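Geometric and topological summary
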Amino acid sequence: MNLPGTRSLRARITLLATVLVAAVSLLLLWLAWTLVRDSLDAVPQMPPGSTVVVDGVRVDASTLAEQLRVHARNRMLLFGSIAFLLVVAAAAILAWTFTSRVLLPLREITGTARRLSVESLGERIGEVRPRDELAVLAETFDAMLDRLQAAFDAQRHFVANASHELRTPLSVIRTELDVTLADDDADEAELRRMGGVVRDATERAGQLVNSLLLLARTDGAGLGVREPVDLAFVVDRAWRAVRLEAEKRGIRATFAVVPAPAFGDPALLERIAGNLLENAVRHNVEGGWLEVTTQPGPRWSTVRVRSSGGLVDPATVAELFEPFRRAGTARTARHGAGLGLSIVRAAVAAHGGTVAAEPIVGGGLAVTVHLPVR
């Protein structure tokens, strides 16, 4: 299939090659003309009045020499012009033919790009021969398609999970309202109970929406604010928000917090520490424990949160940073939206840092965050 774009490029390349060959041929023709002219001019002249016999006829020598020069020049121009036209025509034909083969990978790339859609992102160009710049372009195009397909798949998965998570509290609200409104004898206690259930469901939906908005702002986005921040101060503020919940569950907290400088957005850094501590408390066991440490370094400062909890399969640790995944639980759970570690990963990436998690023997999880000092 010849696409308009490739035909235009093919025509331009053919025209360029033909013009270049024509220019070189004209230069060679001019050089040949100059050589022939100089050679003829270098022929010795006969004395005036000299004659020569040609086919039994006596002819003036100067007249014969001039006719020979004109004849030689005309023959050179004739055959030179024929050779010029043949060379230019051959160059155009060869350029048009070989350009078609050279541009074949480009036509394949263009055709694949035209056929692609959200539903057909699995199509690829594949290996291209020979191994030249167009082959590298094809590989780059295929790699870009791999990234796009992964992004679309992740988006579909994310939207499906978000819809499921939002459907749960909305279904609870609708069910409670339908049941209560259908009961003509509902008293104040029943209405208060219904109101409490609806309030809890709307609170969960609001938390999920806020988490989704925060994840959307941090995932793949740059930092709007950059300033020095002490991670010890950030951890202290984040702990105040979950301390009462930890005390109610009897969780023993141990802190080995020292000043650890970092550079970035204070609000996002506090959200990183807050999500780590919230996960450590809410996914802990009753009467469990958690440990928080900060450590400064020449290039990186470290925040590490270790906590007891359920058993975590080491093979699934990486999945905990995906949206709507929870340690040791299914995709849905009573507490949280399953976005805590996803937000941590996005915020850490926005700061140019790294985050990793590993299971603890006997149950629990340890999450380590490295953030640049500057």
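Predicted, not measured: the structure shown is a model, and the values here were computed from it. (Residues numbered from 1 in each chain as written. Predicted model: local features only at pLDDT ≥ 70, side-chain atom pairs only at ≥ 80, totals over all residues. Heavy atoms only, no water.)

Overview of the overall build of the protein chain
What counts, and what does not: Secondary structure elements follow DSSP: runs of H or I no shorter than four residues count as helices, runs of E no shorter than two count as strands, and numbering proceeds from the N terminus. Exposure is judged per residue with a 1.4 Å probe applied to protein chains only, and the accessible area is read against the type maximum: over 50% gives exposed, under 20% gives buried, and values in between give partly exposed. Surface accessibility follows the Shrake-Rupley procedure with a 1.4 Å probe radius. Residue values consider only the protein chains on display as shielding.
Across its full length, the protein chain holds 8 helices and 9 strands. In the protein chain, which comprises 374 residues, the share counted as buried stands at 34%. For the protein chain, the exposed area adds up to about 22,400 Å²; of that, 61% sits on carbon and sulfur atoms.

Here's the deal with the packing of aromatic side chains
Condition: Pairing of aromatic rings covers Phe, Tyr and Trp, the last counted by its six-membered ring, and requires centre-to-centre distances within 6.5 Å; plane angles under 30 degrees mean stacked, over 60 mean edge-to-face, and any other angle means tilted.
Under the defined criterion, the tally for this structure stands at 1 aromatic pair. Taking 5.1 Å as the distance between ring centres and 65 degrees as the angle between the ring planes, the aromatic pair formed by Trp239 and Phe255 counts as edge-to-face. You can see Trp239 sitting in helix α6 (residues 231–248) and its partner Phe255 sitting in strand β4 (residues 252–256), a full 16 residues away along the chain. For Trp239, a relative accessible area of 12% corresponds to the buried category. A residue is classified by how much of its surface remains accessible, and Phe255, at 36% relative accessible area, is partly exposed.

Side note on the pairing of strand β7 (residues 300–307)
Put simply, the rule is: Each pair of strands is called paired provided DSSP finds at least two bridges between the two strands.
Note that strand β6 (residues 289–295) and β7 share 6 bridges and pair antiparallel. If you follow Thr294 over to β7, its bridge partner there is Val303. Count of turn residues in the β6/β7 antiparallel hairpin: 4 residues. Pairing of β7 with strand β9 (residues 365–372) involves 8 bridges; the strand directions are antiparallel. Residue pairing in the sheet places Val305 in a bridge with Val367 of β9.

Quick word on the environment of Phe255
Rule in force here: Here a residue-residue contact requires only that any non-hydrogen atoms of the pair lie within 4.5 Å.
Sequence spacing of Phe255 and Glu291 is 36 residues, and the spatial spacing of their C-alpha atoms is 5.8 Å. Apart from the residues lying within four places of it in its own chain, the contact partners of Phe255 are Val235, Trp239 and Val292.

With respect to α6
Where we set the bar: One fewer than the residue count of a helix, multiplied by 1.5 Å, yields its expected span. We call two N or O atoms a polar contact when they sit within 3.5 Å, provided that within protein one can donate a hydrogen and the other can accept it, with sequence-adjacent residues counted only if both atoms are side-chain atoms.
Spanning 18 residues, α6 covers 26 Å between terminal C-alpha atoms, matching the ideal 26 Å at 1.5 Å per step. For α6, every residue scored as buried is listed here: Leu231, Ala232, Val234, Val235, Ala238, Trp239, Val242 and Ala246. Where α6 starts, the residue carrying a side-chain oxygen 3.1 Å from the main-chain nitrogen of Ala232 turns out to be Asp230. Immediately downstream of α6, the backbone of Gly250 shows phi near 70 degrees, a positive value.

A look at the packing of α6 against helix α7 (residues 266–282)
Let me state the cut-off plainly: Axes, fitted as lines to C-alpha atoms, cover a helix only where it is in contact. Angles between the N-to-C directions of the axes lie from 0 to 180 degrees. Oblique is the label for any angle not covered by the other classes, which are roughly parallel (under 35 degrees), roughly antiparallel (over 145) and roughly perpendicular (65 to 115). Definitions for this section: a left-handed crossing has its near helix turned counterclockwise from the far helix by less than a right angle. A right-handed crossing has that turn clockwise. For this classification, the nonpolar set comprises Ala, Val, Leu, Ile, Met, Phe, Trp, Tyr, Cys and Pro, the charged set comprises Asp, Glu, Lys and Arg, and every other residue, Gly included, is treated as polar.
Contact geometry of α6 with α7 gives a least axis separation of 8 Å together with a crossing angle of 30 degrees. Here α6 lies roughly parallel to α7, going by the angle between them. Between α6 and α7 the crossing geometry is right-handed. Residues Val234, Val235, Arg237, Ala238, Trp239, Val242, Glu245 and Ala246 of α6 touch α7, and the partners they reach there are Leu269, Glu270, Ala273, Gly274, Leu277, Glu278, Val281 and Arg282. Taken together, the residues of the contact of α6 with α7 break down into 10 nonpolar, 1 polar and 5 charged.

Describing the pairing of strand β5 (residues 261–264)
Of the two faces of β5, the one lined by Ala262 and Gly264 is fully buried and the one lined by Pro261 and Phe263 carries no buried residue. Pairing of strand β3 (residues 227–230) with β5 involves 4 bridges; the strand directions are antiparallel. Paired with Val229 across the bridge in β5 is Ala262.

Focus on the pattern of salt bridges
The line we're drawing: Each salt bridge in this description consists of a side-chain nitrogen of Lys or Arg and a carboxyl oxygen of Asp or Glu lying within 4 Å of one another.
Inspection of every chain in the model, using the stated rule, returns 11 salt bridges. The salt bridge involving Glu278 is made with Arg282; its shortest N-O contact spans 3.9 Å. Highlighted residues: Glu278 and Arg282, both in helix α7, separated by 4 residues, approximately one helical turn. We classify Glu278 as buried; its relative accessible area is 19%. Sharing partners across several salt bridges, the network here consists of Glu245, Arg271, Glu278 and Arg282.

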